[in-house]
Amino acid sequence: MTGKILNYYAGGNTARGFYNLFESNLKGLDRLFILKGGPGTGKSTLMKAIGKKWNDEGYDVEYIHCGSDNGSIDGVILRELSVGIVDGTSPHVIEPKAPGAIEEYVNLGEAWNSKKLAQSKSEILKLSEAISADFQTAYDTFHKALLVHDEWEKIYIENMDYDKANKLTDELMHLFFSKKVNKEAKVYHRFLGAATPKGAVDFVPNLTEGLKKRYFIKGRPGSGKSTLLKKLAANAEASGFDVEIYHCGFDPNSLDMIIVRELGFAIFDSTAPHEYFPERPGDSIIDMYEKTITPGTDEKYFDDLKEISGRYSEKMKEAISYLANAKRKHDELEKYYISAMDFSKLDQIQLKVDQEIERLAMTRQK
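Residues numbered from 1 in each chain as written. Predicted model: local features only at pLDDT ≥ 70, side-chain atom pairs only at ≥ 80, totals over all residues. Heavy atoms only, no water.

The chain is annotated in an unreviewed UniProt entry as PRK06851 family protein of Fictibacillus barbaricus.

Enquirer: Help me understand the overall build of the chain, please; the structure alone is not making it clear to me.
Expert: Each helix and strand in the chain was counted, giving 11 helices and 16 strands. Its C-alpha atoms give the chain principal-axis dimensions of roughly 70 × 55 × 35 Å. Among the 366 residues that make up the chain, the fraction classed as buried is 52%. Of all intrachain contacts in the chain linking residues separated by at least 6 positions in sequence, the fraction that spans at least 24 positions is 79%. A total of about 18,100 Å² of accessible surface is found on the chain, and carbon and sulfur atoms cover 52% of it. Each charge class in the chain was averaged separately, 50 positive and 56 negative side chains, and the resulting centres sit 2 Å apart. (Helix = DSSP H or I, 4+ residues; strand = E, 2+ residues; numbered from the N terminus. Buried < 20%, exposed > 50% of the residue type's maximum accessible area, 1.4 Å probe, protein only. Contact = heavy atoms within 4.5 Å. Areas by Shrake-Rupley, 256 points an atom, 1.4 Å probe, with all protein chains shown as cover. Lys, Arg positive; Asp, Glu negative; His and termini not counted. Charge placed at Lys NZ, Arg CZ, Asp CG, Glu CD.)

Enquirer: How should the nonpolar core be read in this particular structure?
Expert: Note that soluble globular proteins tend to have their nonpolar side chains buried in a common cluster. Core analysis: the largest hydrophobic core is formed by 33 residues, its most contacted members being Phe142, Phe250, Tyr312 and Leu323. With 13 residues, the top contributor of residues to this core is helix 4 (residues 121-157). When neighbours within four sequence positions are excluded, phenylalanine 142 is seen to be in contact with Asn13, Thr14, Ala15, Ala195, Phe250, Met316, Ala319, Ile320 and Leu323. (Core = buried A, V, L, I, M, F, W, Y, C linked by side-chain atoms within 4.5 Å.)

Enquirer: It is not clear to me how the packing of helix 4 against helix 10 (residues 302-339) should be interpreted in this structure. Could you clarify?
Expert: Two packed helices can be described by the angle between their axes and the distance between those axes. Where helix 4 meets helix 10, the closest approach of the two axes is 8 Å, and the angle between their N-to-C directions is 165 degrees. Here helix 4 lies roughly antiparallel to helix 10, going by the angle between them. Crossing geometry of helix 4 relative to helix 10 is assigned as left-handed. A class-by-class count of the residues in the contact of helix 4 with helix 10 yields 24 nonpolar, 7 polar and 10 charged. (Axes fitted to C-alpha atoms, helices over the stretch in contact; angles between N-to-C directions. Parallel < 35°, antiparallel > 145°, perpendicular 65-115°, else oblique. Left-handed = near helix turned anticlockwise from the far one by under 90°. Nonpolar A, V, L, I, M, F, W, Y, C, P; charged D, E, K, R; others polar.)

Enquirer: Would you mind showing me how to read unusual backbone geometry here?
Expert: Most peptide bonds are trans, and most residues other than glycine sit at a negative phi. With omega at 10 degrees, the peptide bond leading from serine 90 into proline 91 counts as cis. The topology assignment puts proline 91 in the loop between strand 7 (83-87) and strand 8 (103-107). For serine 82, which is not a glycine, the phi torsion comes out positive at approximately 60 degrees. Turning to its location among the elements, serine 82 is positioned in the loop between strand 6 (73-78) and strand 7.

Enquirer: Teacher, can you tell me more about the packing of aromatic side chains here?
Expert: Aromatic ring pairs are reported here in terms of the distance separating the ring centres and the angle at which the planes meet. Under the counting rule described, the total for this entry stands at 16 aromatic pairs. Consider the rings of phenylalanine 176 and phenylalanine 177, whose centres lie 5.9 Å apart with planes at 70 degrees: the pair is edge-to-face. The buried category is assigned to phenylalanine 176, whose relative accessible area is 9%. Take phenylalanine 177: its relative accessible area is 7%, and that puts it in the buried class. An angle of 80 degrees between the planes, with centres 5.7 Å apart, marks the rings of phenylalanine 250 and tyrosine 312 as edge-to-face. Here the residue phenylalanine 250 occupies a position in the loop between strand 13 (243-247) and strand 14 (255-260), and tyrosine 312 occupies one in helix 10, the gap between them amounting to 62 residues. There is no split in this pair, since phenylalanine 250 and tyrosine 312 are both buried. One aromatic cluster in this structure is built from Phe176, Phe177, Tyr215, Phe241 and Phe265. Stacked on the ring of tyrosine 8, the Lys or Arg arginine 190 has its end atom at 4.1 Å from the ring centre. (Phe/Tyr/Trp six-rings, centres within 6.5 Å; stacked < 30°, edge-to-face > 60°. Lys NZ or Arg CZ within 6 Å of the ring centre and 35° of its normal.)

Enquirer: Any chance you could explain the side chain of threonine 169 here in plain terms?
Expert: Along the chain, threonine 169 falls in helix 5 (residues 162-176). On the basis of relative accessible area, threonine 169 is assigned to the buried category, the value being 6%. In contact with threonine 169, not counting residues within four places along its chain, are Leu228 and Lys231.

Enquirer: What's the story with the environment of tyrosine 337 in this structure? I'm lost.
Expert: In this structure, tyrosine 337 sits in helix 10. Accessibility expressed as a relative area gives 13% for tyrosine 337, which makes it buried. Put simply, tyrosine 337 and phenylalanine 135 are 202 residues apart on the chain and 21 Å apart in space, counted from C-alpha to C-alpha. Every residue in contact with tyrosine 337, bar those within four places of it in the chain, is listed here: Gly38, Pro39, Thr41, Trp112, Leu117 and Ile124.

Here you go:
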């Protein structure tokens, strides 16, 4: 019987640059393999293969996906074995806490032909610089989109009834956390989705699978969705419940979802680009516009909202186009490394890592 699979992001291409949320997800692991090596050296392939093997053997697996490459992953975690493997190359550099005792570097560069790569040094440097420039332009464009989004939010913030918003928050606090548990909460910070070269991608259906209750927050920008989620997340932690906090892949200072699996619920911002609707028992809608915004706001500011929405959409499309450009150049860069790799050596490295995980698994079973 195969185990469960959880998909999420721990790094994102955002309006605030590349944003790293790896730390809380790796905290507490007894063993962490940090992969080093250039693009196309098999890091993602190695992690997927090991994840699949242990998942097929019945273990739950967490796949940390890559926001810059829809087909790659940045990490795999076998939490039952307290083991993780992550891509430790830029931009998601992992700082070891106890090198050798917990973290171990795995150098996939052992499997490449350095002399062959040296022959293409100028092309590799040129592509690397162009990729960095594309990412920086994408981040700058996302930031411009954020400034437009602030204009959008301002209209609704100025028409919000804060007493009603606070009352709704208090009602949900009482509903979810009427009891406390006497333990320290584990808190995981993640992204439920990301801006990718193929556009917005999210894993909401996978992340909320099996939960008894799902609350779909509807509303407009600035209608208090993130503020509500922040207060609920803080209360979950204070009440001793383990909580998964999912940040916004566009603006990581905002939240998109929290999950408290011990209580069997998720509550999330169910608006574009991760818009969903109730489809099963236990699903319900919380409409922030209806509950907290002055009636008629949409109609009163219709022309302004339409113009702002159009500018925001254009900036987002432009930013995504730069991520797509970076991906195309990254694919070209990978070809140089793939042609210089001895994949039989990579198989040996993968086997060595897997044997170490098997040893750790046997130790935990004793």
